[in-house]
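# Descriptive structure summary
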Amino acid sequence: VKVIYSEKLLEYHSPRHPESPDRIKLIYQTLNQTDQFQFIKPTPATKKDLLLVHTSDYVNTIKQNAFLKSDTPNIPNIYEFARLSVGSAIKAAQFALKEGVAFSLARPPGHHAGRNSAGGFCYFNNIAVATSRLLYTNRSIRAAILDIDVHHGNGTQEIFFGNNKVIFCSLHQSPLYPGTGLKSVNNCYNFPLPPNTSWRQYQPALTKAAKIISCFKPNILGVSLGLDAYKNDPLANFMLELNDYAKIGKVIKKLKLPTFFVLEGGYSKNVGKCALQLLTNYEKT
Ligand SMILES: [Zn+2]
């Protein structure tokens, strides 16, 4: 499996902030202990790429560090880091189309970023820009996005709402930040699940989402890969075990679609193991 990764994205941090460089470092180290992964460097997304999703005013606001958001720190040069993270997702999507599967191991995450808004540690919506670029370059492409981060992907939903070439499916804890995704609307299929959800409640929702994706007959699947549904995650209250991530991977693989994974959240010490469990399925072909 190709993993898009750059050490450059370890270079920024905000004191005591849960979205720390250790997250991707830990995942990198865990994946690198096996010989199943090939690491490839990303190239930054261009402004033109960003404008496929975000407004010009918004992109400039990030570029000039002219924004204020309590949970999404205004870090020097965050524009450069954020567009490298977007570029990583774009590269993963391109590899997925060519080779079947790829993983963008990058930060900052993206699924809470809307067209015109930062939030929840997200600046640009990585998976939305990567998907939009595929749609832009190939008019016949239809895409599905499956968001398994424990938080609702409100930004991704906002961006693709009503787009007949895309469906968005999200499994998330409710109540929890950002408080959206309480029901399915239009092309956005939401599966809110209560705190303490374990595989027993998670599995039927995931199966339903997989069925919806399969019926849509997409050419590509993007997975917003949050690892914060894991039982020891400090920011949420789901009860998924390590080997449940292997089961999630199996369900996704059974869809037999070119698939790119884009890292979102995940804040426990076991993020690396969760990622490895999930991606291991792709070695058993
Ligand atoms: Zn999350």
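Reading the values: the criteria
Residues numbered from 1 in each chain as written. Predicted model: local features only at pLDDT ≥ 70, side-chain atom pairs only at ≥ 80, totals over all residues. Heavy atoms only, no water. Helix = DSSP H or I, 4+ residues; strand = E, 2+ residues; numbered from the N terminus. Rg over C-alpha atoms; globule rule 2.2 N^0.38 Å. Buried < 20%, exposed > 50% of the residue type's maximum accessible area, 1.4 Å probe, protein only. Pairing = 2+ DSSP bridges. Donors = N, O, S within 2.8 Å, 3.2 Å for Na, K, Ca; no water. Tetrahedral: all angles 85-135°; square planar, octahedral: opposite > 155°, others 65-115°. Axes fitted to C-alpha atoms, helices over the stretch in contact; angles between N-to-C directions.

### Regarding the overall build of the protein chain
Helix and strand content of the protein chain: 9 helices and 8 strands. The C-alpha radius of gyration of the protein chain comes to 17 Å, within 12% of the 19 Å expected for a compact globule of 285 residues. Across its three principal directions, the C-alpha atoms of the protein chain cover 45 × 40 × 40 Å. Relative to its 285 residues, the protein chain shows a buried fraction of 57%.

### Here's the deal with the pairing of strand β8 (residues 259-263)
Of all 5 residues in β8, 5 are buried; the element is thus mostly enclosed. Neither face of β8 is exposed, since T259, F261 and L263 on one face and F260 and V262 on the opposite face are all buried. As paired elements, strand β3 (residues 101-104) and β8 share 4 bridges and run parallel to each other. Counterpart to S104 in the pairing with β8 is V262. Judged from the 5 bridges that link them, strand β7 (residues 220-225) and β8 form a sheet pairing that is parallel.

### Section: the coordination of the zinc ion
Under perfect tetrahedral coordination by four donors, a metal shows angles of 109.5 degrees; under perfect octahedral coordination by six donors, it shows angles of 90 or 180 degrees. Within the protein, the atoms that donate to the zinc ion are D149 (OD), D149 (OD), H151 (ND1) and D228 (OD), at distances of 2.0 to 2.7 Å. Note that the zinc ion binds 4 donor atoms; their angles at the metal cover 53 to 152°, and the shape is irregular. Within one chain, the residues serving as donors to the zinc ion are arranged as D-x1-H-x76-D. Of this pair, D149 sits in the loop between β4 (143-147) and α6 (154-160) while D228 sits in the loop between β7 and α8 (242-254); the two residues are 79 residues apart in sequence, bridging distant segments of the chain. A relative accessible area of 1% means that D149 is categorised as buried. Judged by relative accessible area, D228 falls into the buried class, the value being 0%.

### A word on the sheet that holds β4
Here we have 8 strands laid out as an open sheet, ordered β2-β1-β3-β8-β7-β4-β5-β6, and parallel in their pairing. At either end of the open sheet lies a strand with only one pairing partner, and these are β2 (38-40) and β6 (188-193). Averaged over all neighbouring strand pairs, the angle between strand axes comes to 15°, with direction disregarded. By the bridge criterion, 3 bridges tie strand β1 (residues 2-4) to β3 in an arrangement that is parallel. When the bridges of β3 are listed, K2 appears paired with A102.

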